[in-house]
Amino acid sequence: MGLKPLDERVVIKPLEEDEKKVGSIIIPDTAKERPQMGEVIALGDDIVKEGVKPLSKVLKVGDRVIYSKYGGTEVKYEDTEYLVVSRGDILAIIS
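Here's a quick rundown of the structure. (Residues numbered from 1 in each chain as written. Predicted model: local features only at pLDDT ≥ 70, side-chain atom pairs only at ≥ 80, totals over all residues. Heavy atoms only, no water.)

A separate point is the overall build of the protein chain. The helix and strand inventory of the protein chain stands at one helix and eight strands. Here the protein chain holds 95 residues, and 24% of them are scored as buried. Of all intrachain contacts in the protein chain linking residues separated by at least 6 positions in sequence, the fraction that spans at least 24 positions is 68%. A total accessible area of about 6,800 Å² is found for the protein chain, and carbon and sulfur atoms account for 51% of it. (Helix = DSSP H or I, 4+ residues; strand = E, 2+ residues; numbered from the N terminus. Buried < 20%, exposed > 50% of the residue type's maximum accessible area, 1.4 Å probe, protein only. Contact = heavy atoms within 4.5 Å. Areas by Shrake-Rupley, 256 points an atom, 1.4 Å probe, with all protein chains shown as cover.)

This is how it looks when you write it as structure tokens:
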């Protein structure tokens with residue numbers, strides 16, 4: 001992949017949610033909530049901090065994570081939507 005985040009940032013591909021219906025009404029994309037789960041696509045560099053594990057020891061490409069609802073920056077690269085978040089915006093790893 002040609003997208004490499006800087007510092008302790010992580011590139012995440014948000015997981016798509018199934019189309020929701022209420023009765024026979026389809027909820028449009030603009031009314032849907034932003035997803036909070038995704039797959040780690042790329043990791044930035046480790047920054048050495050006392051008492052903090054390096055990013056590469058905590059996460060790896062392919063991990064599924066839960067991230068902050070309003071964290072990160074949405075980017076489009078090669079017709080795919082990604083989210084670039086800082087390490088602090090990742091809340092949990094899904095095992």
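Now for the nonpolar core. Formed by Val10, Ile12, Val40, Leu43, Leu55, Leu59, Val65, Tyr67, Leu83, Val85 and Ile90, the largest nonpolar core amounts to 11 residues. Those elements giving two or more residues to this core turn out to be strand S1 (9-14), strand S4 (37-43), strand S5 (64-67) and strand S7 (80-86). (Core = buried A, V, L, I, M, F, W, Y, C linked by side-chain atoms within 4.5 Å.)

Every regular strand shows the same layout, with side chains that alternate between the two sheet faces. Judged from the five bridges that link them, strand S6 (residues 73-77) and S7 form a sheet pairing that is antiparallel. Looking across to S7, one finds that Val75 is bridged to Tyr82. Hairpin connection between S6 and S7: a loop of two residues separates the two successive antiparallel strands, and Glu78 in this loop has a positive phi of roughly 50 degrees. (Pairing = 2+ DSSP bridges.)

Taken in spatial order, the six strands make up an open sheet running S6-S7-S1-S4-S5-S8, and their pairing is antiparallel. Each of the sheet's edge strands pairs with one partner strand only, and the pair in question is S6 and strand S8 (90-94). On average, each strand axis in the sheet is inclined to that of its neighbour by 45 degrees, with strand direction left out of account. (Axes fitted to C-alpha atoms, helices over the stretch in contact; angles between N-to-C directions.)

A few words on unusual backbone geometry. Leaving glycine out, the prevailing phi sign among residues is negative, and the prevailing peptide bond configuration is trans. One non-glycine residue with positive phi stands out, namely Asp7, at about 55 degrees. Inspection of the secondary structure assignment puts Asp7 in the segment before S1. Although it is not a glycine, Glu78 adopts a positive phi angle of roughly 50 degrees. Topologically, Glu78 is positioned in the loop between S6 and S7.

Once that is clear, we can look at the side chain of Asp89. Summarising the element assignment, Asp89 is placed in the loop between S7 and S8. There is no salt bridge for the buried Asp89, and the closest opposite charge comes from Arg9, which lies 8.1 Å off by N-O distance. Those residues in contact with Asp89 that lie beyond four places of it in its chain are Ile66, Tyr67, Ser68, Gly71 and Gly72. (Lys, Arg positive; Asp, Glu negative; His and termini not counted. Salt bridge = Lys/Arg side-chain N within 4 Å of Asp/Glu carboxyl O.)

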